[in-house]
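An overview of the molecular structure
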Amino acid sequence: AKMPSHYPKDILPEIVICGRSNVGKSSLINALTGIRGLARVSSTPGATRAVNFFRINKAFYLVDLPGYGYAKTGAHKRGEWAEMVERYIGGRPCLVGAIVLIDARRGMEEEEEALFEWLNNLGLNIAVVFTKADKLKRHELSICLKEIKTQVHCSAAVAVSSKTGLGVDALIKEIRQALLKPAAHPS
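Below is a summary of the structure that appears in this document.

1. Here's the deal with the overall build of the chain
- The helix and strand inventory of the chain stands at five helices and six strands.
- Start at the N end of the chain and walk to the C end: the helices and strands fall as β-α-β-β-α-β-α-β-α-β-α.
- For the chain, the proportion of its 187 residues judged to be buried stands at 47%.
- The contacts of the chain with a sequence gap of at least 6 include a subset with a gap of at least 24, amounting to 72%.

Below is the structure:
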C-alpha cells in the first residue's frame, strides 16, 4: 500500500518493522511467520517500495516499511519513501509497537538514533532486534544486547538469525509480551 486509503480498514493492533534496506526485514518476517517467501527477499537493497501489511493469526499486523540507507535510487525517490513512512507512522491510531532492526555487525548508527527518538516521542513500545546474529560470537552478541539497553529506551532487545533460527522464538515471545500491550502515549 502506498497511500493511507489502501491501508487495512480493520482496527487490529499493528507492529511496524523498520530498519536499513539491507538489514533483513523480509527474511525476519518469513522466519517469524514460518512461511517461506511470504515477504519477498531481494538481493538488491531497497526492493520494498510500499508499506506491506501481514495479518498474523487474525490478531495483529506486522507492517513492513521501506528501508532507509543503501537503496540505489535518486534523492527524489528517497524523499517519496520518507514521506510514505512518516505518513504511515504518524497517522495510524492502531500502531502499538515497533521492531527496529539493526545489523549486529554494524551496531547503531546516526539513522537508528534518529529513528529511536522519533518512535519514543510517539510513545510506542519498541523492541530492538540485532539481525544476522549468526555472524557474531555469543559474547559479542551479549555485549551488543547490554549496550543497546544503555543507549535507548526499549521494551526488549533480542539477537536473531533468520538463517539459523536463533532468537526467533524469543522475539515471538517479546512481541506477545512487550509489544502487543497498550502503548504509553506521550502526554
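From this point, the discussion proceeds with the structure in view.
2. Re the pairing of strand 1 (residues 14-19)
- In terms of residue burial, strand 1 counts as a mostly covered element, since six of its six residues are buried.
- Pairing geometry for strand 1 and strand 3 (residues 60-64), over four bridges, is parallel. The residue bridging Glu14 from the neighbouring strand is Tyr61, located in strand 3.
- When strand 1 meets strand 4 (residues 95-103), the two strands line up parallel, connected through six bridges. Among the inter-strand pairings, Ile15 is bridged to a residue of strand 4, identified as Gly97.

3. What about helix 3 (residues 110-121)?
- In this model, helix 3 (12 residues) spans 17 Å end to end at C-alpha, consistent with the 16 Å of a helix rising 1.5 Å per residue.
- Positive phi appears at Gly123, one or two residues downstream of helix 3, with a value of about 75°.

4. Description of the side chain of Thr131
- By the secondary structure assignment, Thr131 is in strand 5 (residues 125-131).
- A distance of 2.9 Å separates the side chain of Thr131 from the backbone oxygen of Val23, its partner in a polar contact.
- For Thr131, the residues in contact, after removing those within four places along its chain, are Val23, Leu101, Ile102, Asp103, Ala104 and Val160.

5. Regarding the sheet that holds strand 4
- Spatially, six strands are ordered 2-3-1-4-5-6 in an open sheet, and the strand pairing comes out mixed. In the strand order of this sheet, the two ends are held by strand 2 (52-56) and strand 6 (156-159), each with one partner. Strand-to-strand twist of the sheet, defined as the mean angle between neighbouring strand axes without regard to direction, takes the value 20°.
- Relative to strand 5, strand 4 runs parallel, the two sharing seven bridges. Residue pairing in the sheet places Ile99 in a bridge with Ala127 of strand 5.
- Lying over the sheet, helix 3 contacts strand 1, strand 4 and strand 5, oriented at roughly 170° with respect to strand 4.

6. Side note on the packing of aromatic side chains
- Inspection of every chain in the model, using the stated rule, returns four aromatic pairs.
- Measuring from centroid to centroid gives 5.9 Å for Phe53 and Tyr61, while their planes differ by 85°, and the two rings are edge-to-face.
- The exposure class of Phe53 is buried, given its relative accessible area of 18%.
- A relative accessible area of 7% places Tyr61 in the buried class.
- Between Phe53 and Tyr88, the aromatic rings sit 5.9 Å apart at their centres with planes inclined by 75°, giving edge-to-face as the arrangement. In this pair, Phe53 is assigned in strand 2 and Tyr88 in helix 2 (residues 75-90), connecting sequence segments 35 residues apart.

7. Quick notes on helix 4 (residues 138-151)
- For helix 4, built from 14 residues, the straight-helix expectation of 20 Å at 1.5 Å per residue is met to within 8% by its first-to-last C-alpha distance of 20 Å.
- All of the buried residues along helix 4 are Leu141, Cys144 and Ile148. The buried residues of helix 4 occupy an angular sector of 55° when projected down its axis, which confines them to one face. Away from its buried face, by an angle of more than 90 degrees, helix 4 presents the exposed residues His139, Lys146, Lys149 and Thr150.
- In this structure, the buried side of helix 4 is in contact with strand 4, strand 5 and strand 6.

Cut-offs applied
Residues numbered from 1 in each chain as written. Predicted model: local features only at pLDDT ≥ 70, side-chain atom pairs only at ≥ 80, totals over all residues. Heavy atoms only, no water. Helix = DSSP H or I, 4+ residues; strand = E, 2+ residues; numbered from the N terminus. Buried < 20%, exposed > 50% of the residue type's maximum accessible area, 1.4 Å probe, protein only. Contact = heavy atoms within 4.5 Å. Pairing = 2+ DSSP bridges. Expected span 1.5 Å × (residues − 1). Polar contact = N/O pair within 3.5 Å; in protein donor to acceptor, adjacent residues only side chain to side chain. Axes fitted to C-alpha atoms, helices over the stretch in contact; angles between N-to-C directions. Phe/Tyr/Trp six-rings, centres within 6.5 Å; stacked < 30°, edge-to-face > 60°. Arc of directions from axis to C-beta.

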